[in-house]
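# Notes for the structure review
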2 protein chains.
Amino acid sequence: MSAERDLDLLLPLIIYEASKVVEADRCSLFILDRERNELWSKVAQGSKNEIRLPVGSGIAGQVAATGAVINIPDAYSDERFNRSFDISSGYRTQTILCVPMRDANGEVTGVIQALNKRGGRSFDAEDEELLLALGAQAAGAIENALLHEEINRLFEGFVSASVVAIEARDPSTAGHSGRVADLTVSLAQTLEHLENGSYANTRFSAVELQELRYASLLHDFGKVGVREAVLVKAEKLYPHELEMLRARFQIARKDLQLQSYRRRLAAVKVRGDKALAEIDGEEDERLAEDLKRLDEVFDFLLTCNRPTVLAQGGFERLTELRKLTYTDSREQSQPLLLDGEIRSLSIPRGTLSTEERKEIESHVEHTYRFLSQIPWTRALRRVPEIAYAHHEKLDGTGYPRAIPEKTIPVQSKMMAISDIYDALTASDRPYKKAVPHTLALDILNKEAKGGQLDRELLTVFIEAEIPRKALGSVK
Amino acid sequence: MSAERDLDLLLPLIIYEASKVVEADRCSLFILDRERNELWSKVAQGSKNEIRLPVGSGIAGQVAATGAVINIPDAYSDERFNRSFDISSGYRTQTILCVPMRDANGEVTGVIQALNKRGGRSFDAEDEELLLALGAQAAGAIENALLHEEINRLFEGFVSASVVAIEARDPSTAGHSGRVADLTVSLAQTLEHLENGSYANTRFSAVELQELRYASLLHDFGKVGVREAVLVKAEKLYPHELEMLRARFQIARKDLQLQSYRRRLAAVKVRGDKALAEIDGEEDERLAEDLKRLDEVFDFLLTCNRPTVLAQGGFERLTELRKLTYTDSREQSQPLLLDGEIRSLSIPRGTLSTEERKEIESHVEHTYRFLSQIPWTRALRRVPEIAYAHHEKLDGTGYPRAIPEKTIPVQSKMMAISDIYDALTASDRPYKKAVPHTLALDILNKEAKGGQLDRELLTVFIEAEIPRKALGSVK
């Protein structure tokens, strides 16, 4: 399917053809506007103004109303003819052939009118047939153009429905898809003006920009398949895991207190009630120390829980803490720290375990699977592929496929820059603070120097001030 | 947009018209198959067999290859003419007019061939023009039909992409959308055969069934906007809430133990170390009783947590338990039960609080919002509306709008039956067991008797064995 049909080019051609084959001086094409019950002149040879006339009025109006051909050999002797157009234009109408335009269902969708057969003759039955056939062709072309428009509207509708779905899923990233689309399309449009470098004069056609916009709007669609707790995880332990850890330390504190009182009672048995004050003194001191040691462990765990880069020593201490136990309320010895907690708290960077990172990364696979279900037109067929590669890195360390630079579409390389920029500067994510514009650019520059983002594209992104251009303002 | 175009009706009409206007004995229309580089006879007057010929071969093949008109006044004296068709058919070709069919872009998409101008004359320039115009009309009609097909494919693709998204969101209900669609469409098709009752002879057209299928496939789409913890909540407290409650009771047990040992020590101060055995005996007994009482409270809470209908007394006891406290490890008095827990455990039916029920119910609003974004064709325009009403009840107690019976589309009434049936019998939901077929029908019958589901539709559903018919087997 070719992308765009230009009725403004096609219909004058049909009308030119019509006046040639029926040997008319002038032809006009009127389109029927059913809602207003009017005809309007889409193409009118010899006139630049749009003419609107009610269905039923004038020759063309009657043809539109009845669907019957009108062939007038002498206009001025026919009462249906309205001279006012001639009077205002100075034209002299002699013969008129006016036929309905019918679509494939036989419905009248407009009218073609031919004026003044050359050579002073009248239009004949052959002319009627020719003009009817050309009318059907024009009707087909118009319907065609409307269908193409409808297909475009469908894609627009599907894409915005999908954006509604993503944002219903994760309202905290509302607007992200739209901003990434604006940034990426703006960057793509800027490449055209480049005079040097690998991207000099790279030009994206209107439909390629549309493809890029759809891919950008839908790049995160797969997040509908990722658990929200993982999507917004702010620390290494989930909030309820930290709450449980805190409760366990409470039990352990109670346990230390209970042990202390049991020891006091046992000491009284041995040393007698006279020593009570002394025992209490010793035990109070010991208990305070035990509690302090336990609280320090908990404070250390709180530090580990934050998403910073831990020194190696930290992990070693976590592993040591594996040995700690407490006695529960049924006299069973229990580990103070669960293996899963130690694993989570040992995450060296960020807040996600390997499994969780994989789950987040799977959103790209979900996106690809979803987009591949859609029968994109030929012109838009790369939407799934472009979205699929938006987390790939030039040095092959990206995900989900870790593909090498040369197989990453340039559109995805641009989207990667926009996506990171917006994720950094967005202020609406509960699990992290917004980074200011200049710091975001620094981070992007670092990734480009590290060989992960495309340096040339990033230079354009920064020098052409794409964020300011596309988003209006920057932080 | 009208729904379906039947090229099999339209093209013979164009060909009939063509042979009339150019006064030919026979006309044929060949479509260009670019992939195989062949022409095939879509319409051939005087022949019932499909003819396939390579582009470039024969008169039609040459027109397809060059795009130029061929007008032959005497076939048997023209070397391009291949007599074999005449020989096999017994027809005698004299004059031939063969013109390309061009689409709106001017691309050749086929060929029209007229044979034997009536009256023994040759085809003239007028005939060429007429046939070219009709060819363009046919090309337009074909392209139109392809665009309609493409629009259908787009809808199919988008619907299946959306189903992929729902199931990525909630794999445990995988297949639900498809089963509800099969059940509902099967029920709709059965109504046609009814002879009595309100639905006698109710007939859904092909496109109405398509509309119903889309609405059914997408009815739960809005669940992408509901938190998964709520979607699969199996008990009144979430698992981590129950875990926290259990931990708090552990602290309270430890607290009872600690209090007991403190009392023992205090008693020794008063009664002296000689009374130690006696004190231990008294305290052991008291502690055991205290712990037993506490454990009973916890067991009672576990009972409350299950999704059964509680007697009123249960709630009263929960309210009394509000008074219970324990002392935490920092000597602060804390409530044993949080207000939120009491509220959750007091849920009289099912497992969801009012807010959670509202959140679940909001999926219908999400579905409607999502579906309303899609520019459905006129024929499919009720998809959002049908899906919107699938949880409405005939007695006005449904959600989200609680609309009265007369405003619920019959399609939604059918979908309500299928949806409940499948939700009951599905074995893939982690938070509840599958109900056998016959019990599911009992439950549906009870709802129908209660005035919530349509009795007549349910009778058809059961008597026509829709589940067996649509799903192949029942449990």
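The following refers to the structure shown.

Thresholds, definitions, all that
- Position numbers for residues start from 1 in each chain and track the written sequence from start to end.
- Labels are handed out in written order, letters beginning with A for the chains and numbers beginning with 1 for the ligands.
- The model is predicted, so local features are restricted to residues of pLDDT at least 70 and side-chain atom pairs to those at 80 or more, both for listing and for counting; the totals for chains, interfaces and linings are taken over all residues.
- Water and hydrogen atoms were dropped before computing side-chain values, which therefore reflect all heavy atoms in the structure.
- Per the convention used, a helix needs a DSSP run of H or I reaching at least four residues, while a strand needs a run of E reaching at least two, with both numbered from the N terminus.
- Radius of gyration here is computed from C-alpha atoms only, and the compact-globule reference equals 2.2 Å multiplied by the residue count raised to the power 0.38.
- Each residue gets one of three labels from its accessible area relative to the maximum for its type: buried under 20%, exposed over 50%, partly exposed in between, using a 1.4 Å probe on protein chains only.
- Any two residues having at least one pair of non-hydrogen atoms within 4.5 Å are treated as being in contact.
- The accessible surface values rely on the Shrake-Rupley method and a 1.4 Å probe; as for residues, cover is taken only from the protein chains in view.
- His is not counted, nor are the chain ends, whereas Lys and Arg count as positive and Asp and Glu as negative.
- To locate a charge, take atom NZ for lysine, CZ for arginine, CG for aspartate or CD for glutamate.
- In this description, strands pair whenever DSSP reports at least two bridges between them.
- Between N-to-C directions, angles cover 0 to 180 degrees, with each direction set by a line fitted to C-alpha atoms, over the stretch in contact for helices.
- What sets the label is the angle itself: under 35 degrees gives roughly parallel, over 145 gives roughly antiparallel, 65 to 115 gives roughly perpendicular, and the rest give oblique.
- The handedness criterion is simple: a crossing whose near helix is rotated anticlockwise from the far helix by less than a right angle is left-handed, and one whose near helix is rotated clockwise is right-handed.
- In the scheme used here, Gly and all other residues not listed as nonpolar or charged are polar, with Ala, Val, Leu, Ile, Met, Phe, Trp, Tyr, Cys and Pro taken as nonpolar and Asp, Glu, Lys and Arg as charged.
- Summed over both partners, the accessible area lost on bringing two parts together, with a 1.4 Å probe, is the buried area.
- A pair is scored as a salt bridge if a Lys or Arg side-chain nitrogen falls within 4 Å of a carboxyl oxygen belonging to Asp or Glu.
- Residues adjacent in sequence count toward polar contacts only when both atoms are side-chain atoms; beyond that, a polar contact is any pair of N or O atoms within 3.5 Å, and within protein one must be able to donate a hydrogen and the other to accept it.
- Throughout this description, the term nonpolar core refers to a set of buried Ala, Val, Leu, Ile, Met, Phe, Trp, Tyr and Cys residues connected via side-chain atoms within 4.5 Å.
- Fitting of the copies onto one another was done by least squares over C-alpha atoms, counting residues only where both copies have pLDDT of at least 70.

## Let's talk about the overall build of chain A
- Secondary structure assignment for chain A yields 17 helices and eight strands.
- Relative to its length of 475 residues, chain A is extended, with a C-alpha radius of gyration of 38 Å against a globular reference of 23 Å.
- The dimensions of chain A, computed from C-alpha atoms along their principal axes, are 140 × 50 × 35 Å.
- Within chain A, buried positions represent 52% of all 475 residues.
- Summarising the internal contacts of chain A: among those between residues at least 6 apart in sequence, 63% fall at separations of at least 24.
- Entry remark: accessible area of chain A is about 22000 Å², with carbon and sulfur atoms responsible for 50%.
- Taken together, the 63 basic and 74 acidic charged side chains of chain A have centroids lying 5 Å from each other.

## Focus on the sheet that holds strand β5 (residues 96-102) of chain A
Residues and elements named next belong to chain A.
- Spatial ordering of the open sheet is given by β3-β2-β1-β6-β5-β4, a layout of six strands whose pairing is antiparallel. On the outer flanks of this sheet lie β3 (52-54) and β4 (70-72), each paired with one strand and no other. Taking each pair of neighbouring strands and ignoring which way they run, the sheet shows an average axis angle of 25 degrees.
- Two elements, strand β1 (residues 24-33) and strand β2 (residues 38-44), share six bridges in a ladder whose sense is antiparallel. Following the sheet pairing, Leu32 is matched in β2 by Leu39.
- Sheet strands touched by helix α4 (residues 125-169): β1, β4, β5 and β6 (108-117). Its angle to β5, the strand with the most contacts, is close to 40 degrees.

## Re the packing of α4(A) against helix α4 (residues 125-169) of chain B
- At a minimum axis separation of 8 Å, α4(A) and α4(B) run at an interaxial angle of 10 degrees. With respect to α4(B), the axis of α4(A) lies roughly parallel. Crossing handedness for the pair α4(A) and α4(B): left-handed.
- Classifying every residue of the contact of α4(A) with α4(B) by side-chain character gives 18 nonpolar, nine polar and ten charged.

## A few points about the interface of chain A and chain B
- Listed by partner, the interface residues are 72 residues for chain A and 72 residues for chain B.
- Carbon and sulfur atoms supply 64% of the area that chain A and chain B bury against each other, a total of about 6900 Å² over both sides.
- Between Arg330(A) and Asp295(B) there is a salt bridge, with its nearest N and O atoms 3.6 Å apart.
- Between the two partners, chain A and chain B, sit 18 residue pairs in polar contact (both at pLDDT 80 or more).
- The leading source of residues in the side of chain A that touches chain B is α4(A), at 26 residues.

## As for the nonpolar core
- One finds Phe461(A) and Phe461(B) to be the most contacted residues of the largest nonpolar core, which totals 110 residues.
- Once you skip the residues sitting within four places of it in the chain, Phe461(B) turns out to touch Leu183(B), Leu187(B), Ile417(B), Ser418(B), Tyr421(B), Leu441(B), Leu444(B), Ile466(B) and Pro467(B).
- Counting residues in hydrophobic clusters, the runner-up holds 56 residues, among them Val21(B), Ile31(B), Ala114(B) and Ile142(B).

## Points about the environment of Met101(A)
Residues and elements named next belong to chain A.
- Along the chain, Met101 turns up in strand β5.
- Placed 35 residues apart in sequence, Met101 and Ala136 show a C-alpha to C-alpha distance of 5.4 Å.
- Sequence-distant contacts of Met101, that is, excluding residues within four places in its chain, are made with Leu29, Phe30, Glu107, Val108, Thr109, Gly110, Val111, Ile112, Gly135, Ala138, Ala139 and Ile142.

## So, the sheet that holds strand β6 (residues 108-117) of chain B
All names here are of chain B.
- With antiparallel pairing, the six strands of this open sheet are ordered in space as β3-β2-β1-β6-β5-β4. Either end of the sheet is taken by a strand with one partner, and the two such strands are β3 (52-54) and β4 (70-72). For this sheet, the mean angle separating the axes of adjacent strands, direction not counted, is 25 degrees.
- The pairing of strand β1 (residues 24-33) with β6 spans seven bridges and is antiparallel. For Cys27, the partnering residue across the bridge sits in β6 and is Ala114.
- Running over the sheet, helix α1 (residues 7-21) touches β1, β2 (38-44) and β6 and is turned about 135 degrees from β1.

## Digging into the relation of the copies chain A and chain B
- Once chain A is rotated about the relating axis by 179 degrees and shifted along it by 0.1 Å, it coincides with chain B to within an RMSD of 0.4 Å. Here the two chains are linked by the operation of a two-fold rotation axis.
- Most of the interface of chain A is mirrored in chain B: 100% of its interface residues are interface residues there too.

## Here's the deal with the pairing of β6(A)
Residues and elements named next belong to chain A.
- For β6, the tally of buried residues reaches nine of ten residues, placing the bulk of the element in the interior.
- Of the pairings in the sheet, the one linking β5 to β6 comprises seven bridges and is antiparallel in character. Note on β6: the bridge partner recorded for Leu97 is Ala114.

## Topic: the environment of Leu337(A)
All names here are of chain A.
- For Leu337, the position within the fold is in the loop between β8 (333-335) and α11 (339-345).
- Relative accessible area serves as the criterion here: at 3%, Leu337 is assigned to the buried category.
- Each C-alpha atom, one on Leu337 and one on Thr319, is 9.9 Å from the other, the two residues being 18 residues apart in sequence.
- Contact partners of Leu337, with chain neighbours within four places excluded, come to Leu245, Arg248, Leu301, Leu321 and Ile342.

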